[in-house]
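# Coordinate inspection notes
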Amino acid sequence: GLAWVWAVGDDPIHYGGDVWEWDQRFDEWVGSMLTYLDTWQPPVLREHDREGVTLGCVRRGRVLTRDEATALGIPQTHARALYLGIEWNAIGAALDEAGAVQYVSIGADFNWTDEDGTRHPAVLKELSVVSVPHLKRGQAERGELRHITLAEEVRMNAPDESEMKDGEAPATEGAKMMDDEMLAQIAAMIDER
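Report on the accompanying structure. (Residues numbered from 1 in each chain as written. Predicted model: local features only at pLDDT ≥ 70, side-chain atom pairs only at ≥ 80, totals over all residues. Heavy atoms only, no water.)

### Some remarks on the overall build of the protein chain
What counts here: Each helix corresponds to a stretch of at least 4 residues labelled H or I by DSSP, and each strand to a stretch of at least 2 residues labelled E; elements are numbered beginning at the N terminus. For each residue, the accessible area found with a 1.4 Å probe, counting protein chains only, is set against the maximum for its type, and the residue is called buried under 20%, exposed over 50%, and partly exposed in between. Per-residue accessibility takes into account occlusion by the displayed protein chains alone, with areas from the Shrake-Rupley method and a 1.4 Å probe.
When helices and strands are counted, the protein chain shows 4 helices and 10 strands. Ordered by position from N to C terminus, the α and β elements of the protein chain give β-β-β-α-β-β-α-β-α-β-β-β-β-α. Looking at the protein chain as a whole, 39% of its 193 residues qualify as buried. For the protein chain, the computed accessible surface area is about 11000 Å², with 47% contributed by carbon and sulfur atoms.

Next up, the structure:
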């Protein structure tokens, strides 16, 4: 039941005048993030707004090689990439079902010391649904990952052809189409909080 999103690939990232060497430190940083997920599951936010409404939380993470991703039908640019499994709350699920979730952005801290005094090379503090991500190259859109279920052993829940109409994306069981009025209600709920 988790919704999977692409989080980061193993290329250097240029951000705010700094270069983050994800290509050289991918194993260390991603390993630290995945270990910290056993301690705390960070919230899913909108546009990195830590004071705003949460949309769910990150429950799991999984690294895929390009070959593993290709076998699952994921157009992965990087040799390795981190994917995160989200458990949506009602607001997040409604936005996702409406197709309003396409891109995400990680909020990470590096060389972070927790409340017990343990230093972590990298931790995931939050994941944000964003309109325009900083990391554009290689980011698989959420729509490209809807059919993916990542567990200890990778498996794919592929829709059968009877669920598809000509030229349309596969329907998911129990999915509801959302009209403009429903989207306006969701936006009003977010603004209200």
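So that's the structure; there's more coming.
### With respect to unusual backbone geometry
Of note, the phi angle at His48 is positive, near 60°, even though the residue is not glycine. A relative accessible area of 32% places His48 in the partly exposed class. Located in the positive-phi region is Asn111, a residue other than glycine, with phi close to 50°. If you trace the backbone, Asn111 turns up in strand 7 (residues 103–113).

### Observations regarding the packing of aromatic side chains
Our working definition: Whether two aromatic rings pair depends on their centres lying within 6.5 Å, for rings of Phe, Tyr and Trp, where Trp uses its six-membered ring; planes under 30 degrees apart make the pair stacked, over 60 edge-to-face, and the rest tilted.
Scanning the entire structure with this criterion turns up 6 aromatic pairs. Both rings, one in Trp20 and one in Phe110, keep their centres 4.5 Å apart while their planes meet at 25°; by these two values the pair is stacked. Of this pair, Trp20 sits in strand 3 (residues 18–20) while Phe110 sits in strand 7, placing them 90 residues apart in sequence. Residue Phe110 is classed as partly exposed on the basis of its relative accessible area of 23%. Taking the centre distance of 6.1 Å and the plane angle of 75° together, the rings of Trp22 and Phe110 count as edge-to-face. With Trp22 in helix 1 (residues 22–37) and Phe110 in strand 7, this residue pair connects regions lying 88 residues apart in the sequence.

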